[in-house]
Amino acid sequence: MKRLQDNLTSSYLQAANSLNPRRQRKKVVAYVESYDDVFFWRSILSQFETDRIFFEIMLPTRDNNLERGKKAALMSALKGKTGQWLIACVDADYDYLIQGATEISRKIISSPFIFHTYAYAIENLQCYAPSLHDVCVAVTLNDHAIFDLRQYLEDYSRAIYPLFVWNIWYYRTSHYGEFTMSDFLHTIETTSFNMNDAQRVISLLHSKVAKRCQQFKKANPNAKESYHRLEDDLRRLGVTPETTYLYIQGHHLFDKVVMPMLNRVCDKLIRQRQEEIARQSVHGTQRRNELSCYNSSVETVMPMLKKNTAFTSSDPYKRIKEDLTAFLSHTSYV
């Protein structure tokens, strides 16, 4: 019965498009995992729409017995249904980096109708380091550069990189339970962010990572060669010591690393602007009016970060674009 429903769905989309006049735009349905994914993938897919083709982004319905947010369920629901007019757009998680070590990983990296973020998740791309200053400006309407956000994330990435390689090393084997992602994230947790003490945080992180790496070297004395081979392979896949933050768990990066940093930086930028207004005001009425106008224009960090689409210069985005370009080069879409 399920196979029949799958065939009917695929056939319905094909028939619906075939009924359209030759010059009318044809629809490709793009299934995503959650509500948060809709805007992200819309910001990408809209760039590939033409006068011949457009995308409609949807969440699979309850009729598909899909539990939202579960990629395994998404892949199962779409089995036999992805194709010319039906695609899936998902977070890569570790499935891209483990390169076929699991069934889900094999599906994601091999299907021409399943598109993934290359970075761990959409949150990682929303936190793309070169774009974070612009996020702060959008929040505070203050363009002063009071902290090097990009440098901090690069330093953070270099600090966690050796342990991240070990984590992928384990996940590419059947022994991943010996070093789980939760264990990794626990190790790379940082103390509360302080702009004036950021380097101390990075230094402590280096020490924690070095200690754990030494433990893994001792537990795996013959792993030196395979570890370095994995480093080479990860570099081929886009991971560098400076960009490791793009490939760790997205929620951890968003909630534990970037949001605390941006909140502190934006709070200081807002206070700085408020003090500037107060200092330059000629009288009390002007000060109150200017402060009221400014305060009503200030945004909050989280929604601005969730709507950040300035990741188009990142390597993961370029790879997504290449995949979509190849997909749409099919003669049926031209």
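All values reported here derive from a predicted model rather than from experimental measurement.

Draft legend 1. Seen up close, the pattern of salt bridges. Following the criterion strictly, the structure yields 15 salt bridges and no others. One salt bridge connects Lys-306 with Asp-36, and the closest N-O pair in it is separated by 3.9 Å. Residue Lys-306 is found in helix α13 (residues 301-306), and its partner Asp-36 is found in helix α2 (residues 35-45); the two are separated by 270 residues along the sequence. Assessed through its relative accessible area of 26%, Lys-306 is described here as partly exposed. Ionic pairing is found between Lys-107 and Glu-103, a salt bridge with its closest N-O pair at 3.8 Å. Highlighted residues: Lys-107 and Glu-103, both in helix α4 (residues 103-110), separated by 4 residues, approximately one helical turn.

Draft legend 2. Quick look at the pairing of strand β3 (residues 86-90). The element β3 is extensively covered by neighbouring structure, given that 5 of its 5 residues are classed as buried. Residues Leu-86, Ala-88 and Val-90 line one face of β3 and the alternating positions Ile-87 and Cys-89 line the opposite face, and both faces are buried. Of the pairings in the sheet, the one linking strand β1 (residues 26-32) to β3 comprises 4 bridges and is parallel in character. Within the sheet, the bridge partner assigned to Val-32 lies in β3 and is Cys-89. Note that β3 and strand β4 (residues 114-116) share 3 bridges and pair parallel. For Ala-88, the partnering residue across the bridge sits in β4 and is Ile-114. Note that the unit made of β3, α4 and β4 has a crossover that is right-handed.

Draft legend 3. Layout of the side chain of Asn-220. Mapped onto the fold, Asn-220 is located in the loop between α9 (198-219) and α10 (224-236). Excluding residues within four positions of it along the chain, Asn-220 makes contact with Trp-166, Trp-169 and Tyr-170.

Draft legend 4. Region of interest: the confidence of the model for the protein. For the protein, the average pLDDT comes to 88, and 85% of its residues sit at 70 or higher. Under a pLDDT of 50 for its full length, residues 1-8 has, in the predicted model, 5 contacts with residues more than four places off or in other chains.

About the thresholds
Residues numbered from 1 in each chain as written. Predicted model: local features only at pLDDT ≥ 70, side-chain atom pairs only at ≥ 80, totals over all residues. Heavy atoms only, no water. Salt bridge = Lys/Arg side-chain N within 4 Å of Asp/Glu carboxyl O. Helix = DSSP H or I, 4+ residues; strand = E, 2+ residues; numbered from the N terminus. Buried < 20%, exposed > 50% of the residue type's maximum accessible area, 1.4 Å probe, protein only. Pairing = 2+ DSSP bridges. Right-handed = clockwise from strand over helix to strand, strands pointing away. Contact = heavy atoms within 4.5 Å. pLDDT = per-residue confidence, 0-100.

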